[in-house]
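# Architecture and fold: a report
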Amino acid sequence: SGVDDADATRATNGGGDGPPNLPRRYDPRYKVNAAVLTAPRPELERAARRERLPAAAVDEYRRVLAHHEDFRQRRSLAKLVKLAKDKSKLPIA
């Protein structure tokens, strides 16, 4: 995204037109209620260079991985909710 989150947040603290302590731009990863821990960034960058991957591909992979985990959690929760709803509809609950 080019702009570090901390820089974007600091930029809004100085009397900008947005609410304080909020980033200037919306990023879809703010909706994800989980974090995916990977290897430290320098280690990932070394591995990317070994495999001849651009650094942007590593960043995108980390974002996609977090969204995929969020998707899996939401799907699992939806299954549990459906199961509970179906169970409550049974004649002997």
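Note on numbering: residues in each chain are counted from 1, in written sequence order. Local features in this predicted model are restricted to residues of pLDDT 70 or higher, and side-chain atom pairs are both shown and tallied only at a pLDDT of 80 or more, whereas totals for entire chains, interfaces and linings draw on every residue. To obtain the side-chain values, all non-hydrogen atoms of the structure were used and water was disregarded.

### Details of the side chain of Asp-70
Strands here mean DSSP runs of E at least two residues long; helices mean DSSP runs of H or I at least four residues long; both are numbered from the N terminus. By secondary structure assignment, the location of Asp-70 is in helix α3 (residues 55–89). A polar contact is formed between the side chain of Asp-70 and the side chain of Arg-74, at a distance of 2.8 Å. N or O atoms closer than or at 3.5 Å make up a polar contact, with two conditions inside protein: a donor-capable atom paired with an acceptor-capable one, and, for residues adjacent in sequence, both atoms drawn from side chains.

### Concerning α3
The span you would expect from a helix comes to 1.5 Å times its residue count less one. Taking 1.5 Å of rise per residue, the 35 residues of α3 would be expected to cover 51 Å, and the 52 Å separating its terminal C-alpha atoms lies within 8% of that figure. Of the positions making up α3, those classed as buried are Val-58, Ala-66 and Asp-70. Check the buried side of α3 and you find it contacts α2 (41–50). Relative accessibility decides the category of a residue: with a 1.4 Å probe and only protein chains considered, values under 20% of the type maximum give buried, values over 50% give exposed, and everything between is partly exposed. When checking whether two residues touch, look at their non-hydrogen atoms; a contact exists if any pair is within 4.5 Å.

### Brief notes about the pattern of salt bridges
Side chains that differ in sign of charge can pair as their charged atoms come close. A carboxyl oxygen of Asp or Glu within 4 Å of a side-chain nitrogen of Lys or Arg is what we treat as a salt bridge. On inspection of all chains with the given rule, the structure shows 3 salt bridges. Among the salt bridges present, the one from Arg-72 reaches Glu-69, with a minimum N-O distance of 3.1 Å. Remark: Glu-69 and Arg-72 occur in helix α3; sequence separation between them is 3 residues, near one turn of the helix. Residue classification places Arg-72 among the partly exposed positions, given a relative accessible area of 41%. The class for Glu-69 is partly exposed, based on a relative accessible area of 24%. With a closest N to O distance of 2.9 Å, Lys-82 and Asp-86 form a salt bridge. On the criterion of helical spacing, the pair formed by Lys-82 and Asp-86 is a turn pair, its members being 4 residues apart in helix α3.

### Quick look at the confidence of the model for the protein
The predictor rates its confidence in each residue with pLDDT, a number between 0 and 100. Here the protein averages 75 in pLDDT, and 70% of its residues register 70 or above. The weakest mean pLDDT in the protein belongs to helix α1 (residues 5–13) at 46; the strongest belongs to α3 at 87. Low pLDDT, under 50, characterises residues 1–15; the stretch is placed with 21 contacts to residues that sit more than four places away or in other chains.

### Some thoughts on unusual backbone geometry
Positioned with a positive phi, Arg-52 is a non-glycine residue whose angle comes to about 60°. Its place among the elements puts Arg-52 in the loop between α2 and α3. Taking relative accessible area as the criterion, Arg-52 reaches 77% and is therefore assigned exposed.

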